[in-house]
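# Structural overview for review
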Amino acid sequence: MNKFYITTPIYYVNSHPHLGHLYTTLVADTVARYKRQRGFETFFLTGTDEHGLNIERAAESKGLSIKEHVDSIVNEFKTAFAPYGLTNDHWIRTTDDYHKRAAQELWRRAKENGYIYKGKYEGLYCANCNEFYTESEAKSGDDGTLNCPTHERPLDRVAEESYFFKLSEFQDRLIELYEKNPNFIRPETRRNEVMSFVRGGLNDLSISRVSVKWGIPVPDDPAHTMYVWFDALSNYITAIGFGNEQFGGQQHFKKLWPADLQLVGKDILRFHTVYWPAFLIAAGLEPPKTVFAHGMWLSGGRKMSKTIGNVIDLAVLQKHFTTDAVRYFCLRDMVFGQDGDFTYEALLDRVNAGLANGLGNLASRTLTMIGRYCDGVVPAPGNADAELTARAGEVRETVEQSVAQFDREFDEYNFSRALDAAWSAIERVDKFISDAKPWDLAKDADKRGSLELVLHTATETLRHLTALLAPVLPNATQEIWEQLGEAGKVNEIAPSALQWGQSTGKRVGEIKPIFPKLDKKKVMDEIKQEEAVSQAARTEENKEQPAQAPAQAAPQPASEAAAAPAYITIDDFAKVELRTGQILTAERIPKADKLLKFTIDLGEAEPRQILAGIAQYYEPEKLIGRKVIVVANLAPRKLRGLESQGMILAASIGEEGRPVLAGFLEEVPNGAKLK
Ligand code: ME8
């Protein structure tokens, strides 16, 4: 029997699940279902990545023990994914003991083979990406800090003893791997990207930390924990029995490894196509057959990310859309491998056009007519005139071609094209039915044969498409299957095993609508309100994000944190001196794209110099003369080497925090106090 081993990334438990995580997992689930239906012995793995500094900090900031924190987020992932009926064979957690032992075994083998040595590391580290950056890769903040280019948060300077992996020795072997196995990295654009990166030369990789406690101890040197990517990547083999007794241990591992398809987002391409094969080769193991890096769902044109805060809330999504609708949209709307912008409007349009008006309408009109004109029993194809017979034959041909085309595209992971092929058959049969007008044929006893041919052809089309689409729409296709009067589980029936004509004589079941049409305006209004609420909750939570807090922030007991109301006293407020001011000059600061420099008249002997990060939103010259509100007793501080003697107040609008300056509708003198 052919085997198929498919994996998703294991998701970080430093934050909450969102559409991006669901997306990769749904695609993997669909491929796993597809392979199973076609007779492959399939193993589908997903899970959670639970070690690292950032997770330590996230737990600290919530006042939870690390274990409590990771357990609660893992639970959130499982709960958010539960409605989608995922068919993963295992959920790996990197905090599980068997994984820890087996990751140590991988380390031991690489070390015995001479690829790991001890040295000293100095560098800039982002706890959010778990990645090191050079000074030139880091992004300078307005106040001169060196920030992570992705998260725009300060990098940690790390200088410590570390184990290193001899990645520098792998350049030739990796290039050979990519050249000999053109399918190792897909799609092609990503392959080219990685090849040119590797051709540029590889540095040895620091793969242990003494400063991070929440991690897997390095074998024979427990003062060190493993670099979180060494730990995380090894999950793909530890989960299936490498170095432990999972599922029968080594024998199970040998049966499944190398993985057939490792799905990842393009954000973690390098880890999976450079580090991962190198770690495996170092330990004497084979690299996976294919790593496919898909594109990113964008939201409002930007990558959907928990750090930016523009994620699609899975609770909102699930409230309005069936799990099949979400699966269909994810596979049809995003060209696999490319980025796509997620909008609820596009989702609603797809659901209404493709599912309600497309497949759903074909099912309900066909089954209703069989009930009405044929006493609920699928007729044999009747005799009709030559023209109708020829057209029915063309429909059958289109269906057979679509079924074959679907598989060809699916095998190449062109999911949207596979679905286009299926929908071209739906369009073809819809036209056939509309042209033949069975409702008119039913009025004429002489046309009985034609009526039966039309309904038989429509039923067969529906039956073939139902089996074909089972991996994508598991719930809806099972319902249609039963309404067609078919027995068994449609996901266990290979479309190629179906023969045209077998539906004859089947009694159709109770007809229920499968994909009700959604009222776009009503649903959009509801979603907008719900999104605003969940956005506000996220913004609140983001303020407490651990990376912004100092690493040594004292944990607050959960009960105390919950009990303390967020009030301040009038005396607290009186400490803040707010005054009206007028902008006298406003100018940009060279090389600081966010800052503007103002002089502001606060009714004092001399105007103040104040800097504000609003350059992306306001033209400086248009602000001259404007009345503003200033925090006048803020301690002066230096930004880009210039002193700022106060702060201008502005509202922060929307996801990106667009500033809108506060002001007055009536005339006010400069320097008036606000109380
Ligand atoms: O990187 N669009 O975990 P992670 C599409 N723990 N997919 C997205 C997405 C988006 N906007 N955002 C996230 C990690 N994803 C590591 C992986 S593997 C050994 C360790 C999906 O929680 C996509 O698959 O940040 C991406 O690669 C993954 O989630 C990153 O998840």
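In this text the structure is predicted, and so the values were computed from the model without any measurement.

What counts as what
- Residues numbered from 1 in each chain as written.
- Predicted model: local features only at pLDDT ≥ 70, side-chain atom pairs only at ≥ 80, totals over all residues.
- Heavy atoms only, no water.
- Helix = DSSP H or I, 4+ residues; strand = E, 2+ residues; numbered from the N terminus.
- Buried < 20%, exposed > 50% of the residue type's maximum accessible area, 1.4 Å probe, protein only.
- Contact = heavy atoms within 4.5 Å.
- Areas by Shrake-Rupley, 256 points an atom, 1.4 Å probe, with all protein chains shown as cover.
- Pairing = 2+ DSSP bridges.
- Right-handed = clockwise from strand over helix to strand, strands pointing away.
- Near = heavy atom within 4 Å.
- Polar contact = N/O pair within 3.5 Å; in protein donor to acceptor, adjacent residues only side chain to side chain.
- Nonpolar A, V, L, I, M, F, W, Y, C, P; charged D, E, K, R; others polar.
- Core = buried A, V, L, I, M, F, W, Y, C linked by side-chain atoms within 4.5 Å.
- Axes fitted to C-alpha atoms, helices over the stretch in contact; angles between N-to-C directions.
- Parallel < 35°, antiparallel > 145°, perpendicular 65-115°, else oblique.
- Left-handed = near helix turned anticlockwise from the far one by under 90°.
- Domains from an automatic or database assignment.
- Salt bridge = Lys/Arg side-chain N within 4 Å of Asp/Glu carboxyl O.

## Quick word on the overall build of the protein
- Helix and strand content of the protein: 21 helices and 28 strands.
- Principal axes of the C-alpha set define a box for the protein whose edges measure 105 × 75 × 50 Å.
- Residue burial in the protein is summarised as follows: out of 675 residues, 53% are buried.
- Counting contacts in the protein only where the partners sit at least 6 residues apart, residues at least 24 apart contribute 74% of the total.
- Split by element, the accessible area of the protein, about 30100 Å² in all, is 50% carbon and sulfur.

## Overview of the pairing of strand β15 (residues 291-294)
- Burial along β15 is two-sided: V291 and A293 facing one way and F292 and H294 facing the other are all buried.
- Strand direction decides the pairing type here: strand β9 (residues 185-186) and β15, joined by two bridges, are parallel. Bridging across to β15, I185 finds its partner in V291.
- The pairing of strand β14 (residues 261-265) with β15 spans four bridges and is classified as parallel. For V264, the partnering residue across the bridge sits in β15 and is A293.
- Regarding topology, helix α10 (residues 269-282) serves as the crossover connection from β14 to the parallel β15, and that connection is right-handed.

## With respect to the site of the ligand
- Looking at the ligand, there are 24 residues lining it, with I10, T24, D49, D267 and W297 nearest.
- The contact in question runs from an oxygen atom of the ligand to an N or O atom on the backbone of Y12, over 2.9 Å.
- Relative to its unbound accessible surface of 660 Å², the ligand loses 96% to contact with the protein.
- Secondary structure elements with two or more residues in the shell around the ligand: β1 (3-12), α1 (19-37), α7 (228-233) and α8 (235-238).
- The biggest single contributor to the shell around the ligand is β1, with four residues.
- Of the residues that constitute the shell around the ligand, the class distribution is twelve nonpolar, nine polar and three charged.

## Some words on the nonpolar core
- In this structure, L317, F321, F342, Y344, F406, W423 and L473 are the most contacted members of the largest nonpolar core, which totals 106 residues.
- Residue contributions to this core peak at 14 residues, all from helix α13 (residues 344-374).
- Ignoring any residue separated from it by four or fewer positions in sequence, one finds F321 in contact with V326, Y344, L347, L348, V351, L518, V523 and I527.
- If you look at the next biggest cluster of nonpolar residues, it comprises 71 residues, including W107, M195, V198 and F242.

## Thoughts on the packing of α13 against helix α15 (residues 415-436)
- Close contact between α13 and α15 brings their axes to 11 Å; oriented N to C, the two are set at 45°. Classified by the angle their axes make, α13 and α15 are oblique. Handedness of the α13/α15 crossing: left-handed. Residues G354, L355, G358, L359, L362, R365, T366 and M369 of α13 lie in contact with α15, whose contacting residues are W423, I426, V429, D430, I433 and S434.
- A per-class count over the contact of α13 with α15 returns eight nonpolar, four polar and two charged.

## Regarding the domain arrangement of the protein
- Taken domain by domain, the protein consists of domain 1 (342-497) and domain 2 (570-661).
- Taking only C-alpha atoms into account, the centre of domain 1 sits 65 Å from that of domain 2.

## Some details on the pattern of salt bridges
- In total, this model carries 47 salt bridges according to the counting rule given.
- Between D29 and R327 there is a salt bridge, and its shortest N-O distance comes to 2.7 Å. With D29 in helix α1 and R327 in helix α12 (residues 323-333), this pair connects stretches of sequence that are 298 residues apart.
- Overall, the relative accessible area of 0% leaves D29 in the buried class.

## Points about unusual backbone geometry
- The omega torsion across R186 and P187 is -10°, close enough to zero to call that bond cis.
- If you trace the backbone, P187 turns up in the loop between β9 and α6 (188-199).
- You will see that D375, though not glycine, has its phi angle at about 55°, which is positive.
- Mapped onto the elements, D375 comes out in the loop between α13 and α14 (386-411).

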